[in-house]
Amino acid sequence: MIQLQNLTKIFVQKESQFTAVSDVSLNIHQGDVFGIIGFSGAGKSTLLRMINLLEHPHSGDIKIEGVSLLQLSKKQLLEQRKFIGMIFQHFNLLTNRTALENIELPLEFSGVPKSERHQRALECLKIVDLLDKKDAYPSQLSGGQKQRVAIARAIVTQPKILLCDEPTSAVDPQTKESILHYLSKINQQFDITIVIVTHEMQLVHKICNRVAVMEQGQVIEEFDLTQPIQQPVKSIISKLLLSDISTSLKEAS
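Now for a quick tour of the structure.

Thresholds applied
- Each residue is numbered by its place in its chain's sequence as written, counting from 1.
- pLDDT decides what is reported in this predicted model: residues at 70 or higher carry local features, side-chain atom pairs at 80 or more are listed and counted, and totals for whole chains, interfaces and linings draw on all residues regardless.
- Side-chain metrics rest on all non-hydrogen atoms present in the structure, leaving aside hydrogens and water.
- What makes two strands pair is DSSP finding at least two bridges between them.
- The helix count covers DSSP runs of H or I at least four residues long, the strand count covers runs of E at least two residues long, and both are numbered beginning at the N terminus.
- Here, residues are in contact when the closest pair of their heavy atoms is within 4.5 Å.
- Only C-alpha atoms enter the line fits that serve as axes; for helices the fit covers just the stretch in contact. Angles between N-to-C directions range over 0 to 180 degrees.
- In summary, the pairing rule links any two rings of Phe, Tyr or Trp, Trp by its six-membered ring, whose centres are within 6.5 Å, and it sorts them by plane angle into stacked for under 30 degrees, edge-to-face for over 60 and tilted for everything else.
- We count a charge as sitting over a ring when the NZ of a lysine or the CZ of an arginine lies within 6 Å of the ring centre and within 35 degrees of the ring normal.
- Definition of nonpolar core: a set of buried residues of the types Ala, Val, Leu, Ile, Met, Phe, Trp, Tyr and Cys, connected through side-chain atoms within 4.5 Å.
- When a residue's accessible area, from a 1.4 Å probe over protein chains only, is under 20% of the maximum for its type it is buried; when over 50% it is exposed; and in between it is partly exposed.
- Residue count minus one, scaled by 1.5 Å, sets the expected span of a helix.

Section: the sheet that holds strand 2 (residues 16-28)
Okay, step 1: Spatially, four strands are ordered 2-1-4-5 in an open sheet, and the strand pairing comes out antiparallel. Lying at the two open borders of the sheet, with one neighbouring strand each, are strand 2 and strand 5 (67-68).
Okay, step 2: By the bridge criterion, two bridges tie strand 4 (residues 59-64) to strand 5 in an arrangement that is antiparallel. Opposite I64, over in strand 5, you have V67 as the bridge partner.
Okay, step 3: Each of strand 1 (2-13), strand 2 and strand 4 is contacted by helix 1 (residues 44-51), which is oriented at about 120° to strand 1, the strand it contacts most.

What to know about the packing of aromatic side chains
Okay, step 1: Applying the stated rule across the entire model yields zero aromatic pairs.
Okay, step 2: If you follow K9 out to its NZ or CZ, it ends over the ring of F11, 5.2 Å from the centre.
Okay, step 3: Taking the ring centre of F83 as reference, the NZ or CZ of K160 above it sits at 5.2 Å.

What to know about the nonpolar core
Okay, step 1: Counting residues in each nonpolar core, the largest one holds 46 residues, and the members touching the most others are L162 and L183.
Okay, step 2: The residues contacting L162, other than those within four sequence positions of it, are G85, M86, I87, A154, I155, L183, I192, T193, I194 and V195.
Okay, step 3: Counting 28 residues, the second largest nonpolar core, distinct from the first, contains L7, L47, L77 and M86.

So, helix 4 (residues 114-127)
Okay, step 1: Between its first and last C-alpha atoms helix 4 spans 20 Å; for 14 residues at 1.5 Å apiece the expected length is 20 Å, and the two agree.
Okay, step 2: Those residues of helix 4 that fall on the buried side of the exposure criterion are R117, R120, A121, L122, C124, L125 and I127.
Okay, step 3: Where helix 4 terminates, the next one or two residues include D129, which has phi positive at roughly 55°.

What to know about the sheet that holds strand 10 (residues 218-224)
Okay, step 1: In spatial order, the strands read 6-7-8-3-9-10; together these six strands make up an open sheet with mixed pairing. Every interior strand has two partners, whereas the edge strands, strand 6 (84-87) and strand 10, have only one. Each neighbouring strand pair of the sheet contributes to a mean axis angle of 15°, computed without reference to strand direction.
Okay, step 2: Of the strand pairs in this sheet, strand 3 (residues 33-37) and strand 8 (residues 193-198) are connected by five bridges, and their pairing is parallel. Along strand 8, the bridge assignment pairs G35 with I196.
Okay, step 3: Across the sheet, helix 6 (residues 173-190) is in contact with strand 3, strand 6, strand 7 (161-165) and strand 8; its angle to strand 8 comes to roughly 155°.

Honestly, it's all geometry; don't read function into it.
In structure tokens, the structure reads:
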């Protein structure tokens, strides 16, 4: 469904330049919950933001269902982005809008009639179990509730793809479980392909079926977490991931 082909992204600063992503190719399938993991500065978020062209690559291509985003006109790209939701680390809710009004915002931008966007926002609030908070402002919500509103806002456009940039890093450990629950629910109920950037191993093995490990801007290995991992691992973070999975399996047994 998502094909990333030889993507490279270079940031130029005054007289120097930094290669954030270097020649990355990945295939992400329909219905995947695909994790992209690595230490800080590995290029994870930059790669994620290239999937919907919030960051433009210097070279390579991004194809969704066989269509190259780089070949689309500005108008066509805007249409394509309606099918790509995004959840950010720090919620990005408007403080002067209620939970319901924040969720309606993408539909408002798209010119959806008020009655329809109101109904769809209510349906999304129900999915994340926050109907009772529809009239609350962000200042009246906990961190976990804010992120659930952000999830509802991301799915109100009925996307095929949901991009998540460190979706649990700004909430407490107990709330992380709740966020994972709602992401899994959305993936299973609507067959939405989810791509998650994170450095949290627990999140990866609890929700992802496939994972790519990044280091210094490159994908150095990939794993199918639904199968026994027999290949020798190359990086410290891969060893941490496998150790965490092993510990969880022992605790479960």
